[in-house]
Structures are given as structure tokens and as C-alpha cells.
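Architecture at a glance
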Amino acid sequence: MIVFEDVAKRYAGGYTALAGVSFEIRHGELVVLSGHSGAGKSTLLKLIPAIERPSAGAVRINGEDVSRLPRRAIPYLRRNLGLVLQESRLLFDRSVFDNVMLPLAITGHPPGDAARRVAAALERVGLEGRGKEMPAGLSGGEQQRVAIARAIVNRPSVLLADEPTAHLDPASAAGIANLFKSFNGAGVTVLVSTHDASLFATSAPRRLTLVKGLLSEDA
Amino acid sequence: MSNWLYLHLRAIAQASGRLARQPLGTLLSALVMGIALSLPAGGYLLLDNVASMARGVSGTPEISVFMDAAAAAEDAAAIEKRLRADPQLASFRFVPRDEALKQLAAGGLGDVLGGLESNPLPDAFVVTLRTGDPEVFDTLAAQMRAWPKVAHVQLDSGWVKRLHALLALGRSAVVMLAALLGFALVIVTFNTIRLQIMTQRNEIEVSRLLGATDPFIRRPFYWFGSLQGMLGGLVALGAVWLGVMGLSAPVAALAETYGAVFALSGPQWPESVAIVLFAAFLGWLGAEISVRRHLAGT
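The shown structure was predicted, so the numbers you read here are calculated from the model rather than taken from an experiment. (Residues numbered from 1 in each chain as written. Chains lettered and ligands numbered in written order. Predicted model: local features only at pLDDT ≥ 70, side-chain atom pairs only at ≥ 80, totals over all residues. Heavy atoms only, no water.)

Overview of the pairing of strand β8 (residues 189–194) of chain A
Residue and element names in this part refer to chain A. Counting buried positions along β8 gives six out of six residues, so the element sits mostly inside the fold. Bridge count between strand β3 (residues 30–34) and β8: five bridges; the pairing is parallel. The residue bridging Val-31 from the neighbouring strand is Leu-191, located in β8. In terms of strand pairing, strand β7 (residues 158–162) meets β8 through five bridges, oriented parallel. Paired with Asp-162 across the strands is Ser-193, a residue of β8. Handedness of the crossover joining β7 and β8 through helix α6 (residues 170–185): right-handed. (Buried < 20%, exposed > 50% of the residue type's maximum accessible area, 1.4 Å probe, protein only. Helix = DSSP H or I, 4+ residues; strand = E, 2+ residues; numbered from the N terminus. Pairing = 2+ DSSP bridges. Right-handed = clockwise from strand over helix to strand, strands pointing away.)

Points about the interface of chain B and chain A
Opposite the 20 residues of chain B that make contact, chain A presents 21 residues. Carbon and sulfur atoms make up 55% of the surface buried where chain B meets chain A, a total of about 1800 Å² over both sides. Where chain B packs against chain A, one counts three salt bridges. Its salt-bridge partner being Arg-71 of chain A, residue Asp-214 of chain B comes within 2.8 Å of it at the nearest N-O pair. Run the count over chain B and chain A and you get six residue pairs in polar contact (both at pLDDT 80 or more). Per-element accounting of the side of chain B that touches chain A gives the leading share, seven residues, to helix α7 (residues 201–209) of chain B. Partitioned by chemical class, the residues of the side of chain B that touches chain A number eight nonpolar, seven polar and five charged. (Contact = heavy atoms within 4.5 Å. Buried area = accessible area lost by both parts, 1.4 Å probe. Salt bridge = Lys/Arg side-chain N within 4 Å of Asp/Glu carboxyl O. Polar contact = N/O pair within 3.5 Å; in protein donor to acceptor, adjacent residues only side chain to side chain. Nonpolar A, V, L, I, M, F, W, Y, C, P; charged D, E, K, R; others polar.)

Quick look at the sheet that holds strand β2 (residues 16–25) of chain A
Residues and elements named next belong to chain A. Strand order in the open sheet formed by four strands is β2-β1-β4-β5, and the pairing between neighbours is antiparallel. At either end of the open sheet lies a strand with only one pairing partner, and these are β2 and β5 (64–65). Inspection of the sheet shows strand β1 (residues 2–10) paired to strand β4 (residues 56–61) by five bridges, in the antiparallel sense. Residue pairing for β4: Val-3 is matched across the bridge by Arg-60.

Some remarks on the pattern of salt bridges
Residues and elements named next belong to chain A. Tallied over the entire structure, the rule returns 15 salt bridges over all chains. The shortest N-O distance in the salt bridge between Glu-142 and Arg-130 comes to 2.8 Å. You can see Glu-142 sitting in helix α5 (residues 140–152) and its partner Arg-130 sitting in the loop between α4 (111–124) and α5, a full twelve residues away along the chain. Here the residues in one salt-bridge network are Arg-26, Glu-29 and Arg-206, joined through shared partners.

Notes on the environment of Gly-42 of chain B
In this fold, Gly-42 of chain B is placed in helix α2 (residues 23–58). Taking the C-alpha atoms as reference, Gly-42 of chain B lies 8.9 Å from Leu-237 of chain B; in sequence the two are 195 residues apart.

Quick word on the pairing of strand β3 (residues 124–129) of chain B
Along a regular strand, successive side chains alternate from one face of the sheet to the other. All names here are of chain B. With six of its six residues buried, β3 lies for the most part within the structure. A two-sided burial pattern is seen for β3, the buried positions comprising Ala-124, Val-126 and Thr-128 on one face and Phe-125, Val-127 and Leu-129 on the other. Sheet topology note: the strand β1 (residues 62–67)/β3 ladder contains five bridges and is antiparallel. Within the sheet, the bridge partner assigned to Phe-66 lies in β3 and is Ala-124. The sheet contact formed by strand β2 (residues 89–95) and β3 spans six bridges and is antiparallel. When the bridges of β3 are listed, Ser-91 appears paired with Thr-128.

Observations concerning the sheet that holds β2 of chain B
All names here are of chain B. Here we have four strands laid out as an open sheet, ordered β2-β3-β1-β4, and antiparallel in their pairing. The strands lining the two open edges of the sheet, one partner per strand, are β2 and β4 (150–155). Neighbouring strand axes in the sheet, compared pairwise and without regard to direction, differ in orientation by 20° on average. As judged from the five bridges shared by β1 and β4, these two strands associate in the antiparallel manner. Bridge assignment links Ser-64 to a residue of β4, and that residue is Gln-154. Packed on one face of the sheet, helix α5 (residues 134–145) meets β1, β2, β3 and β4 and runs near 170° to β4. (Axes fitted to C-alpha atoms, helices over the stretch in contact; angles between N-to-C directions.)

Following this line, the structure appears as C-alpha cells:
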């Protein structure tokens, strides 16, 4: 489903974030991407929704090389991916409901159906009935749950998460990890980067380990 | 279609919300745009009123066709036939030489004319045209001069030419003023949208990550610029109407001194709609330039 073929990413100035990375993620897998800070985890994740373009190699989703997609086609690629970033990137001047609604507004969903989907997504992440609250009034873990609800509200087949448990206390982090496991249990392909792979240890997922831009372990 | 409409309605709601959230800024922008637009709009209206007032005061311009002194009645009949066949003429009347002499005598020159051995005045036709266009006057006069037994053709269109020249000058000035102030309004909108983009950079970036297309991102800014322009247009209309109401009485008094009855007229529906749409277009244009300039890198 997601295939990296000898992918390299070099930034201006000569810094190499990824070098010759190849792997394949099959439909319905839960894959944990681990490695130290600066190992290239975020760069790798950004290549899938074409936030970054590789310097060499190809990134394929369902056979299509997304690294060569024209700019105007990228939004339609991203609509099929659920994206959770390290920082929740919520809109703090909008309610929780409006934040989760945003992907549906972008795709022009009818308001009635969209409202039902938002309520279902909030319920899925344990925030039912809290749509009217503002993000600033929520804890870090709750904000990350809102970001996850926003990522799943479009019912994507792939969920990408970049350090979703960073800055969270252990209990909140475990709760977030359980959410990803439950999404995977429902058939969603999940690729999650973390520096604490033990959070996902109980479900025995596949683990990709990056060291200085190189794939050192695929187990 | 319904999705397209929904996205536009959403963008309008978003743009209206942004305008409503900063009432003072919105009011000031609308006032700046409105006052600037009211100058060319008022100028256009003034010229329109001047043209209509001049027509009322001076009547319809005429051409006088004087026959040769030796022309016979058949010659005058031939000229009359030609005039009757010309579709550009509104009307004409024949002034026989005897009647012209009587009119002159009645005008106070009886003693002078009494000393003459014979009537020196020719037969004449006074012609009124359907148009006030000086070019048509010149063309017709040139044709009439070539007619047989016509001694002289006199155009009563000097004032028409002067008026047309003045109105043309005024219209050029209004167009230049509109272009200059229109440019200023585009800059005002450009800057407003630039600030909007800066304050909403996070929302724009997040929306892009979630799959927003360029039109989705840009649409609210286009509507913001257009709505702000429309508000400016409405302020301009209000300012023009205030001017019309304030000047009506003095203008009527001035016209009365010339023996005329005249009332200033404000912009009619088509003109009002045109002003508001023009202002909206300027707002959209400012937004378009700003969005292209400032959203390219996001």
C-alpha cells in the first residue's frame, strides 16, 4: 500500500535527512517508526502526504508515485490520509467542533451529515459532548485527541502520526497509543513515529527504526 | 453545483464573520473607499445634471438655411422637398422674406428698414435636428451648402460644440479621477488582505495539510475584498445622495435666476447598482493581487 523505494532526502546546505530508505507497508498494518531525534522520522512521514518531496527515489501509495504528483493534485491525496502532527496544530480561535469539522468543510460535506460525523469522531476519541469548548481550555492530551478526531473524521484508510505522544504524561500517552491501536483494529493502516515504542509493545506491531537517515531495523 | 454553492456560501459567511469581528476596521475601510469613490461618482452625476440643465436653458440647436436673393418659389419648394426627405431632421419651418422683414421691423428696426427701397432679406428655412451631436450638424450643413440656390447656411451649434467639449473634458477628468482613486482602493484592499493572510497563516497552513485546494483557501479572501468594496460603494452612494440633497435648493435658486426650472437628480437604480458593483470589483481586484502575491509561498 505504501512503498518507499530507495528514498533520499537532502536539504539545501547539504544536510541528509534520509538516505536510501526502502520498505513496504501493507494495508491494515500498524507500523511504529522509532529512532532518536534527528533520525529522519518526521521527514519520512512528511514525504507520504507530499509535504516534502524526496531528493531521490519514489514514494508510492497504492502504486501511484506521490513524489511526482502535480501541486494541484496534492490536496486530493491528503484528503485520503489522516494526519496527526507532533504539535496538535489546532485553531485556537475555533471551537473543538469547528476544528474537527474543518476537513469536512474542505471537502464540502453537507452540514447535517458533517455534524453527525464530527460527533461520532469526538465520541471515538472520548470527547463526546465537548464540541462547544475551546481548545485552550483542554489539556495537552485532550488537544491531541481533538487533533486525532480531526484526522479520522474523513474516515481515511491511512493514519499518519508524528510523535503524537510527545509532551504528554504517561497516562495520556498510553491513552493516545490505545486509540491508534483501536483504529488499526478497525482496519485502518497506521504509521506512527515515536521515541517510545514501548507504548505500542502490547499489540506487537511492526517496528521500523531509523538511525541517522538510514533504516537500521525492520522487525 | 450544490457543493460549489455550499463552498461559496461558507466563504461568504467566513468573510462576513471576519468583517463583523473587526467593526471599527471595517467601518474605516468602508469610509475611506466610499469617500474616495464618491468623488468620481459625484463628478459623473454633476456632469449629467449640467448636460440636462444646459439643454433645458438653451433649447434645441438649429440650422438656418438662407436662400439666394434671386431664388424663386420653385427653388424654395425644391429645398423643402429635400428637407422633408431627410430622416435626421426633427422639424423645419419656412420663413418667407416678407415675414422676416416684418419680424425685424417688430424687433425695433422699423425706421431703418423703412428707408430701404426693397426687401434685402432672403427666404429661409429654420431646421431642427433629432440629435445634438455637433458632427451631424457639420455634415448636414456642408450638404446643405451644396444645394442649388442656397446662399448661406448658419449653424446655431456653437454653444452645442462648446458644451460638448466641456462635457468631454469633464468626463475625461472624471475617468482619470476614477482610475486614480480606483487604484488607491485596490491598494487599500491589497493591504487589508495582506494583513488578513498574515493573521490567518496558521489556519491556512493547517487547511492545506488537511487537503484544502487553492480555491478553498482563496475564496474567503475574494469575498472579503468584494464585500468590503460593496460596503465602500454603499458609503459612496450615501455620500452622493447627501450631496444631492444639500445642493438641490441652491441649484434650483440659481436656475431660477436664468428663468429655468431645474432640480438636481441623484443616481438612478442602474447607476447605483453600477457604483456598488464597480466598488466590489475593485475590492475583488485588490484581493486577487494580494492573494496571488502572499499565498504563493504557503
